[in-house]
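Tertiary structure, described
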Amino acid sequence: KNIGNMAGHIEMGEGKEVLGILGHLDVVPAGGNWTHDPFGAHMEDGKIFGRGAIDDKGPTIAAYIAMRMIKDQNIKLNKKVRLILGCDEESGMRGVTAYLNEEKMPDIAFAPDAEFPLIYGEKGIFSFDLEGDFDDQIIDQLSAGERYNVVPDVCEARLKKDVRDSFKTFLKDHGYKGEVIDNRYLIYGKNAHAAWPHLGVNAISLMVEFLHEHTDHPMIRFLHERISFDTLGENLGIAYHDDEMGDLTLNLALVKVTQNHAKLGFNIRYPKGLPFEDKAGIIRGQAKKYGLDYKPLRNSPPHYISPDDPLVKTLHNAYVTYTDDIEHDIITIGGGTYARALKKAVAFGPNFPGNVDLAHQADEHIVIDEMLTAAAIYAKSIVDLAGES
């Protein structure tokens with residue numbers, strides 16, 4: 001079934017209850033420096049490279065293969081099983097919202113869009129902008145970032161003064177990568193998912209480190225004093241820790257300065273228990289000191305399912321059956337999946353413990369053998385949750 005070209009489902013089985021499997025087909029921009037064509041599906045050494053390979057096209061196909069295996073073996077199901085395909089998970093989850101406006105919310109569900117053994121909790125996700133009008137003697141334009149959920153890997157400044165010698169010395173002294181083309185000053189960092197901003201190198205912070213030595217622009221001072229290189233929000237005064245879900249994280253995602261107007265975009269991942277309104281007030285107050293207006297955007301509260309819930313137990317058992325892994329515990333994450341849009345859903349694979357999470361990074365890929373194991377785990381999960389007892 002197609003829901004307005006925003007989402008759809010592939011269904012099998014019978015019954016009043018619905019088991020949902022939540023995948024998404026959209027991807028973040030390619031970005032970064034790829035070894036292979038990010039949209040070429042290059043296969044090498046048992047891997048398939050491409051943007052979306054692990055987030056979330058490959059895992060979605062693994063779930064489809066699991067369904068096909070069950071169908072081919074004529075295993076009877078007492079629930080409807082729906083592979084729900086959304087087209088807007090990375091920038092607002094409008095796909096799953098459109099789906100749920102027309103279709104019944106699944107009674108239980110899992111999203112093959114994260115890590116094994118299992119994700120039973122996801123941090124809250126909050127984005128906000130800071131904006132202000134400023135005149136500056138050196139900055140003509142400044143730009144970086146495309147999405148709130150990605151650490152920007154390149155920042156470009158167009159400057160009114162020639163400071164290229166100083167910039168080149170700065171790059172050399174710090175070991176940073178960059179270049180000057182006419183009046184365009186570019187500096188390069190490293191992409192990462194906003195859920196783990198410490199794994200990236202934020203190009204905006206690198207550029208601010210240079211620019212604050214040449215201008216007293218209030219936005220640059222704000223970034224230098226309150227934001228740069230601080231992914232925990234300590235300098236901003238919003239740091240928070242929960243023993244079960246971990247630390248609040250802060251990603252400086254976007255900057256755009258044009259015609260004396262400055263805009264900054266941020267993405268926060270926060271654990272349960274955070275006094276949200278108090279922290280929002282701190283952000284507003286800090287920004288005001290530098291002449292910046294606080295503009296809250298989308299807030300998605302934390303999602304949490306008890307580790308003792310039967311859904312969690314059943315899925316974890318399927319994972320252990322095919323891996324014999326009893327060493328790694330089920331976990332919570334800073335990433336957000338479609339699971340958070342449902343009342344009872346968790347994220348479940350496909351990234352195995354010990355693997356680097358390549359979502360939103362250059363040379364994203366799947367390991368084919370691991371994805372086949374994931375398909376087997378998903379097949380057992382479907383039978384255990386929706387098969388005849």
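See the structure above.
The structure displayed is predicted, hence computed values, not measured ones.

Some thoughts on a nonpolar patch on the surface
A cluster of nonpolar residues, Ile10, Ile61, Tyr64, Ile65 and Met69, forms a patch on the protein surface that exposes about 390 Å² of accessible area. Along the chain, the position of Ile10 falls in strand 2 (residues 7-12). On the basis of relative accessible area, Ile10 is assigned to the partly exposed category, the value being 34%.

Considerations on the layout of surface pockets
Approximately 560 Å³ is the volume attributed to the largest pocket. Along its surface, the largest pocket is lined by 32 residues, and Glu89, Glu90, Asn149, Arg269 and Gly336 are the ones closest to its centre. With 3 residues, strand 21 (residues 293-300) is the single largest residue contributor to the lining of the largest pocket. Residues belonging to the lining of the largest pocket are distributed by class as follows: 9 nonpolar, 12 polar and 11 charged. The volume enclosed by the second largest pocket comes to roughly 310 Å³.

Let's talk about the sheet that holds strand 26 (residues 365-367)
Note: strands within a sheet are paired through backbone hydrogen bonds, in either parallel or antiparallel orientation. Reading across from one edge, 4-5-26 is the order of the 3 strands in this open sheet, with antiparallel pairing throughout. Looking along the sheet, the strands with just one partner apiece sit at the ends: strand 4 (42-44) and strand 26. The mean angle between the axes of side-by-side strands here comes to 20°, regardless of whether they run parallel or antiparallel. By the bridge criterion, 3 bridges tie strand 4 to strand 5 (residues 47-49) in an arrangement that is antiparallel. Within the sheet, the bridge partner assigned to His42 lies in strand 5 and is Phe49. Contacting strand 4, strand 5 and strand 26, helix 8 (residues 368-386) crosses the sheet at an angle of about 70° to strand 26.

Concerning the sheet that holds strand 20 (residues 261-270)
Ordered in space as 14-15-13-11-19-20-10-21, the 8 strands form an open sheet in which the pairing is antiparallel. Each of the sheet's edge strands pairs with one partner strand only, and the pair in question is strand 14 (177-181) and strand 21. This sheet shows a mean twist of 20° between the axes of neighbouring strands, independent of strand direction. Note that strand 13 (residues 154-159) and strand 15 (residues 184-188) share 5 bridges and pair antiparallel. Its bridge partner lying in strand 15, Cys155 is registered against Ile187. Sheet contacts for helix 5 (residues 218-227): strand 10 (124-133), strand 11 (139-144), strand 19 (249-258) and strand 20; angle to strand 20, the most-contacted strand, approximately 20°.

A look at the nonpolar core
Core analysis: the largest hydrophobic core is formed by 50 residues, its most contacted members being Leu130, Leu142, Met219, Phe222, Leu223 and Phe266. Sort the elements by how many residues they give to this core and helix 4 (residues 203-211) lands first, with 7 residues. Excluding residues within four positions of it along the chain, Phe222 makes contact with Leu130, Ile227, Leu236, Leu264, Phe266, Gln286, Ala287, Tyr290 and Leu292.

The rules behind each value
Residues numbered from 1 in each chain as written. Predicted model: local features only at pLDDT ≥ 70, side-chain atom pairs only at ≥ 80, totals over all residues. Heavy atoms only, no water. Patch = residues over 30% accessible without salt bridge, like charges linked within 9 Å, V, L, I, M, F, W, Y side chains within 5 Å. Areas by Shrake-Rupley, 256 points an atom, 1.4 Å probe, with all protein chains shown as cover. Salt bridge = Lys/Arg side-chain N within 4 Å of Asp/Glu carboxyl O. Helix = DSSP H or I, 4+ residues; strand = E, 2+ residues; numbered from the N terminus. Buried < 20%, exposed > 50% of the residue type's maximum accessible area, 1.4 Å probe, protein only. 1 Å grid on protein atoms, 1.4 Å probe; cavity = no way out; pocket = protein on both sides within 12 Å on 5 of 7 lines; lining within 4 Å. Points joined across faces, edges and corners; volume = space filled by probe spheres on them. Nonpolar A, V, L, I, M, F, W, Y, C, P; charged D, E, K, R; others polar. Pairing = 2+ DSSP bridges. Axes fitted to C-alpha atoms, helices over the stretch in contact; angles between N-to-C directions. Contact = heavy atoms within 4.5 Å. Core = buried A, V, L, I, M, F, W, Y, C linked by side-chain atoms within 4.5 Å.

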